[in-house]
Amino acid sequence: MRKPILSTGLRWLWLVLVVIVVDFASKQWVMNNMMLHETQPLMPYLNLFYAHNYGAAFSFLADKGGWQRWFFAGIALAIVISLVVMMYRNHASQKIANIAYALIIGGAIGNLFDRSYHGFVVDFIDFYVGNWHFATFNIADCGICIGAALVVLEGFFSPNGKQAKQKG
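Remember, predicted model here, so these are calculated numbers, not experimental data.

*Asks:* Help me understand the nonpolar core, please; the structure alone is not making it clear to me.
*Replies:* Proteins that are soluble and globular tend to have nonpolar side chains buried together. L83, M87, Y101, A102 and I105 are the most contacted members of the largest nonpolar core, which totals 18 residues. Counting residues per element, the ones that place at least two in this core are α1 (14–33), α2 (67–89) and α3 (95–117). Ranked by residues supplied to this core, first place goes to α3 with 8 residues. Discounting residues that sit within four places of it in the chain, A102 has contacts with W12, L15, V16 and M87. The next biggest cluster of nonpolar side chains, apart from the first, holds 9 residues, and it includes V30, M34, L48 and I125.

In structure tokens:
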């Protein structure tokens, strides 16, 4: 038996589009207005720094000759498909989980586009304290990290998952 799409977690897919659009627009702005490795100070502790990431988080496997591009693309696709299925199985009222999945999907698709089209991910957010700089990241990465944090938080609010399922 089919259930109405809007009664499922897929109701939150609009958030995927928001993440993709904001990520794409911000990366386009950086690529059109900055030179590679250029820094533009924004405020204390925060710069724009245009970088290409050929690997994954923290440039993991960035120097491995190109195979990692398709490896990480495959992982992103698998994650996106899995989370869309999970959203379909969730009830629309499971807001935290569905928002988390949508943010992760949007971030994964944003970086997947970069990886597929450019061969690298455009990073530009540089958080630093003194001479220490955190790994440069982008809006898609923010979506993924916020989504992952929400998944963890949701585990605290409904540790066995039964409460959310009983509501639906």
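*Asks:* Would you mind going over the pairing of strand β3 (residues 121–129) with me for this structure?
*Replies:* Most of β3 is tucked away, with 7 of its 9 residues classed as buried. Both strand β2 (residues 46–53) and β3 contribute to a ladder of 6 bridges, which runs antiparallel. Directly across from A51, in β3, lies its bridge partner D123. Two elements, β3 and strand β4 (residues 132–133), share 2 bridges in a ladder whose sense is antiparallel. The residue of β4 that forms the bridge with Y128 is H133. Linking β3 to β4, which pair antiparallel, is a turn of 2 residues; within it G130 sits at a positive phi near 60°.

*Asks:* Mind showing me how you'd approach the side chain of N90 here?
*Replies:* Positionally, N90 belongs in the loop between α2 and α3. A relative accessible area of 13% places N90 in the buried class. Within polar-contact distance, the side chain of N90 engages the side chain of N98 at 3.1 Å.

*Asks:* Could you clarify how one ought to interpret the packing of aromatic side chains in this entry?
*Replies:* Ring pairs (aromatic) are described by centroid distance and by the angle formed between their planes. Under the counting rule described, the total for this entry stands at 7 aromatic pairs. Here W12 and W14 contribute two aromatic rings whose centre-to-centre distance is 6.1 Å and whose plane-to-plane angle is 35°, an arrangement assigned as tilted. W12 sits in the buried class, given a relative accessible area of 14%. Measuring from ring centre to ring centre gives 5.4 Å for F113 and Y117, while their planes differ by 10°; the resulting arrangement is stacked. Of this pair, F113 and Y117 both sit in helix α3, 4 residues apart, which is roughly one turn of the helix. Its relative accessible area of 37% is what places F113 among the partly exposed residues. Aromatic rings pair up to connect F24, F113 and Y117 into one cluster.

*Asks:* Looking at this structure, I do not really get a nonpolar patch on the surface. What am I missing?
*Replies:* Together, Y45, F127, V129, W132 and F134 make up an exposed nonpolar region whose accessible area comes to about 490 Å². Relative to the assigned elements, V129 resides in strand β3. What makes V129 partly exposed here is its relative accessible area of 44%.

How each quantity is defined
Residues numbered from 1 in each chain as written. Predicted model: local features only at pLDDT ≥ 70, side-chain atom pairs only at ≥ 80, totals over all residues. Heavy atoms only, no water. Core = buried A, V, L, I, M, F, W, Y, C linked by side-chain atoms within 4.5 Å. Buried < 20%, exposed > 50% of the residue type's maximum accessible area, 1.4 Å probe, protein only. Helix = DSSP H or I, 4+ residues; strand = E, 2+ residues; numbered from the N terminus. Contact = heavy atoms within 4.5 Å. Pairing = 2+ DSSP bridges. Polar contact = N/O pair within 3.5 Å; in protein donor to acceptor, adjacent residues only side chain to side chain. Phe/Tyr/Trp six-rings, centres within 6.5 Å; stacked < 30°, edge-to-face > 60°. Patch = residues over 30% accessible without salt bridge, like charges linked within 9 Å, V, L, I, M, F, W, Y side chains within 5 Å. Areas by Shrake-Rupley, 256 points an atom, 1.4 Å probe, with all protein chains shown as cover. Salt bridge = Lys/Arg side-chain N within 4 Å of Asp/Glu carboxyl O.

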